[in-house]
Amino acid sequence: MSAKPSQTQRIGVLSTGMYVPPKVLTNKDLERMVDTSDDWITSRTGIKERHIAEPGTATSDLALPAAEEALKRAGIAPKDLDLLITATTTPDMLFPSVSCLVQQKLGATSAACFDISAACSGSIYAIITAQQFLQGGRYRNALVVGAEVLSSFVDWTDRTTCVLFGDGAGACVLGPVSRGGIIGTDMGSDGTQSGLLFMPGGGSKYPPSYQSVDQRLHYLQMSGSDLFKVAVRRMADSAKRVIEQAGLKVDDVKLVIPHQANIRIVEAVAKFADLPMEKVFVNLDKYGNTSAASNLIALHEAAQTGAIKPGDRVVLVAFGAGLTWGSVLLEWS
Ligand code: ACO
């Protein structure tokens, strides 16, 4: 908080962490719950299984171990954390923020805490937001968490949505780096298409009532095929833009880590962005779509498995409800 202001400070990812709840729900399990098949889910989405939180588990419960791992790897004690931003679509409650609840569990007593609501693009928005606070020297370090318990908001009788989502959390610590770090960012939104993916109930428009429950307003609602087309175009354009604006070419990028929604979306993004699939990180087969947690879980796995090494250029790109999209171009340090 008291770091010296500097307009040119480079900010990078110092560490990552992740946590998924132990319970695994396979496509075969889903066959027993709704009229679907492993074959349909695999061929239409690439998802084989997802992790599901036990009833009563809150988003902050998943966020905490991911946050602790990232802080430990960065060698930062919770009390020395300056800023905590959580991206989530599924907060424990409308208020206080998940960030404040995680702050209390961590003992991060000095941190300023708030949440970001940008659905599946949330962790990208949160990284870019943290970068703004850090590069001017207002704060010395920031913890960004993406965490979701989507299973609490999925209609488990609706086969068109319940097969897609999973629960989990990813985290990263951001701070000053001497070289590399974040070298490009891109963000955009289109509120005119907010009706493609939304959860109407529980807010000020439709507060909880017997009627809202009867009308199933407390579950997420989605126009899957319309979203699919926009997701591909927006993610491909955003990834291309962030690379071009940094004066680079696709060949200069080692790995693209897209939001893990659906393998067909990922493959189409790769095609539109002229990216060979060898350069695209995929782990959605194990986790499904974990919304704001997705890019951070994937970044953690890419770093831990050696898929990215110091000096590699990496693009994180996401798309989600809002509609929202965004990219971060990093030189891994
Ligand atoms: N099992 C079996 N059949 C199913 C299932 C299921 N789980 N779900 C739908 N079907 C049926 C439909 O009822 C339909 O049957 P019909 O032809 O008799 O009417 C048929 O399969 C085809 O349905 P479509 O919706 O056209 O299937 P599509 O190929 O578009 O795939 C999907 C659906 C997977 C949802 C796809 O549109 C998609 O992935 N969209 C993106 C959605 C997404 O990822 N949203 C997350 C948030 S946004 C983001 O993260 C990018």
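Draft legend 1. Region of interest: the overall build of the protein chain. Helices and strands together make up the secondary structure of the protein chain, namely 11 helices and 13 strands. Over its C-alpha atoms the protein chain spans a radius of gyration of 19 Å, differing by no more than 12% from the 20 Å that the globule rule assigns to 333 residues. Considering the protein chain as a whole, with its 333 residues, one finds that 55% of them fall into the buried category. A sequence separation of at least 24 residues applies to 77% of the contacts in the protein chain between residues at least 6 apart. Summed over all atoms, the accessible surface of the protein chain reaches about 14,200 Å², with 53% contributed by carbon and sulfur. Averaging the coordinates of the 31 positive side-chain charges in the protein chain and doing the same for the 33 negative ones gives two points 5 Å apart.

Draft legend 2. Structural context of the pairing of strand S12 (residues 313-320). Of all 8 residues in S12, 7 are buried, a share of seventy percent or more. With 4 bridges joining them, strand S11 (residues 255-258) and S12 adopt parallel strand pairing. Of the residues in S12, the one forming a bridge with Val256 is Val315. Pairing of S12 with strand S13 (residues 324-331) involves 8 bridges; the strand directions are antiparallel.

Draft legend 3. Focus on the domain arrangement of the protein chain. When its domains are assigned, the protein chain resolves into domain 1 (2-177) and domain 2 (183-331). The centre of domain 1, based on its C-alpha atoms, is set 14 Å off from the matching centre of domain 2. Listed as interface residues are 53 residues of domain 1 and, on the opposing side, 48 residues of domain 2. The contact between domain 1 and domain 2 buries some 3,700 Å² in all, and 66% of this surface belongs to carbon and sulfur atoms. Measuring nitrogen to oxygen at the nearest pair gives 3.0 Å for the salt bridge that ties Arg216 to Asp155. Our count for the domain 1 to domain 2 interface comes out at 25 residue pairs in polar contact (both at pLDDT 80 or more). Where the side of domain 1 that touches domain 2 is concerned, the elements lending two or more residues are strand S1 (11-19), helix H2 (38-45), strand S3 (49-51), helix H3 (59-74), helix H5 (122-135), strand S6 (142-148), helix H6 (159-162) and strand S7 (168-176).

Draft legend 4. Layout of the packing of aromatic side chains. Scanning all chains against the criterion turns up 2 aromatic pairs. For the pair Phe133 and Tyr139, a centre-to-centre distance of 5.6 Å together with 55° between the ring planes defines the contact as tilted. Note on Phe133: relative accessible area 29%, which makes it partly exposed. In this structure Tyr139 comes out as buried when scored by relative accessible area, which is 10%. Aromatic rings pair up to connect Phe114, Phe133 and Tyr139 into one cluster.

Draft legend 5. Main features of the nonpolar core. Core analysis: the largest hydrophobic core is formed by 47 residues, its most contacted members being Ile243, Ile265, Leu275, Val315, Phe319 and Leu323. Of all elements in the fold, only helix H8 (224-245), helix H9 (263-272), S12 and S13 reach the threshold of two or more residues within this core. Looking at this core, the element that brings in the most residues is H8, giving 9 residues. Here this core spans two domains, since at least three of its residues come from each of domain 1 (2-177) and domain 2 (183-331). Excluding its chain neighbours within four sequence positions, the residues that come into contact with Leu275 are Val250, Val256, Ala270 and Val280. Core analysis: the second largest hydrophobic core is formed by 35 residues, Ala87, Ile127, Ile128 and Leu299 among them.

Conventions and cut-offs
- Residues numbered from 1 in each chain as written.
- Predicted model: local features only at pLDDT ≥ 70, side-chain atom pairs only at ≥ 80, totals over all residues.
- Heavy atoms only, no water.
- Helix = DSSP H or I, 4+ residues; strand = E, 2+ residues; numbered from the N terminus.
- Rg over C-alpha atoms; globule rule 2.2 N^0.38 Å.
- Buried < 20%, exposed > 50% of the residue type's maximum accessible area, 1.4 Å probe, protein only.
- Contact = heavy atoms within 4.5 Å.
- Areas by Shrake-Rupley, 256 points an atom, 1.4 Å probe, with all protein chains shown as cover.
- Lys, Arg positive; Asp, Glu negative; His and termini not counted.
- Charge placed at Lys NZ, Arg CZ, Asp CG, Glu CD.
- Pairing = 2+ DSSP bridges.
- Domains from an automatic or database assignment.
- Buried area = accessible area lost by both parts, 1.4 Å probe.
- Salt bridge = Lys/Arg side-chain N within 4 Å of Asp/Glu carboxyl O.
- Polar contact = N/O pair within 3.5 Å; in protein donor to acceptor, adjacent residues only side chain to side chain.
- Phe/Tyr/Trp six-rings, centres within 6.5 Å; stacked < 30°, edge-to-face > 60°.
- Core = buried A, V, L, I, M, F, W, Y, C linked by side-chain atoms within 4.5 Å.

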